[in-house]
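# A structural walkthrough
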Amino acid sequence: LAAGGNILAGHDNVLLQVKNSNSVEKVSSENANWPLRSLWFISNRNYYISGSGIYQKHFLDENAWKNDIYLITTYSTNRIRGREINDIVATGGAGELIHFNGNYWKSFIDVVGIPGNYYGTAIFNNTIVTVGQSSNRAILTIGRR
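Heads up: these notes are all about the structure in this document. Here the structure is a predicted model, which is why all the values come from computation and not from measurement.

Reading the values: rules and limits
- Residues numbered from 1 in each chain as written.
- Predicted model: local features only at pLDDT ≥ 70, side-chain atom pairs only at ≥ 80, totals over all residues.
- Heavy atoms only, no water.
- Pairing = 2+ DSSP bridges.
- Helix = DSSP H or I, 4+ residues; strand = E, 2+ residues; numbered from the N terminus.
- Axes fitted to C-alpha atoms, helices over the stretch in contact; angles between N-to-C directions.
- 1 Å grid on protein atoms, 1.4 Å probe; cavity = no way out; pocket = protein on both sides within 12 Å on 5 of 7 lines; lining within 4 Å.
- Points joined across faces, edges and corners; volume = space filled by probe spheres on them.
- Nonpolar A, V, L, I, M, F, W, Y, C, P; charged D, E, K, R; others polar.
- Salt bridge = Lys/Arg side-chain N within 4 Å of Asp/Glu carboxyl O.
- Contact = heavy atoms within 4.5 Å.

### Observations regarding the sheet that holds strand S5 (residues 46–51)
With antiparallel pairing, 4 strands are arranged side by side in an open sheet as S4-S5-S6-S7. Each edge of the sheet is formed by a strand with only one pairing partner; in this case those strands are strand S4 (36–42) and strand S7 (66–67). Pairing of strand S6 (residues 53–57) with S7, which is carried by 2 bridges, proceeds in the antiparallel orientation. Counted as the bridge partner of Gln56 is Lys66 from S7.

### Description of the pairing of strand S12 (residues 117–124)
Bridging between S12 and strand S13 (residues 127–134) involves 7 bridges; their strand directions are antiparallel. Across the sheet, residue Tyr118 finds its bridge partner in S13, namely Gly132. Between the end of S12 and the start of S13, which pair antiparallel, lie 2 residues, with Asn125 showing a positive phi angle near 50°.

### Some points on the sheet that holds S13
To summarise the sheet geometry, strands pair through backbone hydrogen bonds and adopt either a parallel or an antiparallel arrangement. Overall, antiparallel pairing links the 3 strands, which are arranged S12-S13-S14 in an open sheet. For this open sheet the edge positions go to S12 and strand S14 (137–144), each flanked by a neighbour on one side alone. The sheet shows a mean angle of 15° between the axes of neighbouring strands, direction not considered.

### Details of the layout of surface pockets
Roughly 180 Å³ of volume is contained in the largest pocket. Tyr48, Ile54, Tyr55, Gln56, Lys66, Asn67, Asp68, Leu71, Ile72, Phe100 and Trp105 together form the lining of the largest pocket. For the lining of the largest pocket, the elements supplying multiple residues, two or more each, are S6, S7 and helix H1 (69–72). Here the lining of the largest pocket takes 3 residues from S6, the largest share from any one element. Per-class residue counts for the lining of the largest pocket are 7 nonpolar, 2 polar and 2 charged.

### Here we look at the pattern of salt bridges
All told, the structure shown has 4 salt bridges when counted by the stated rule. Among the salt bridges present, the one from Arg145 reaches Asp87, with a minimum N-O distance of 2.6 Å. Here Asp87 lies in strand S9 (residues 87–92) and Arg145 lies in the segment after S14, a separation of 58 residues in the sequence. Residues joined by salt bridges that share partners form a network here, namely Arg83, Asp87 and Arg145.

### Some points on the environment of Arg37
Along the polypeptide, Arg37 turns up in strand S4. Spatially, the C-alpha atom of Arg37 lies 22 Å from that of Ser23, the residues being 14 residues apart in sequence. Excluding anything up to four places from it in sequence, Arg37 contacts Ile7, Ser50, Gly51, Ser52, Ser76, Thr77, Asn78 and Arg79.

The following block contains the structure:
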């Protein structure tokens, strides 16, 4: 899958599924009303797309994406990654770093406390690594359980 959006025109999103080397199909981005920047999924279990909000659905053939934008975060999310459906991390604007444990999303913005943005993140076993910038400096944050 590939997700993208025009940050200058909020409703200009595209979500594509590569079927094989000669076939690419559009996937519905209904209800994903803001620019998309990232995605993470486990096939036929859970799909997440993120950008200005985090959207979720269980199967790609469902039309509308579910979004509780203000219940998860009010900041944009530049990257979403996971290890399992109960171990997902998203990072983004204003130093937002959030984790989903299968029941709820928890923000660590008060713990991290950077005046900047995260642009990339990875999760492996008990470690989360995220990178970004604060003013004119690169930042790296490592979180461990």
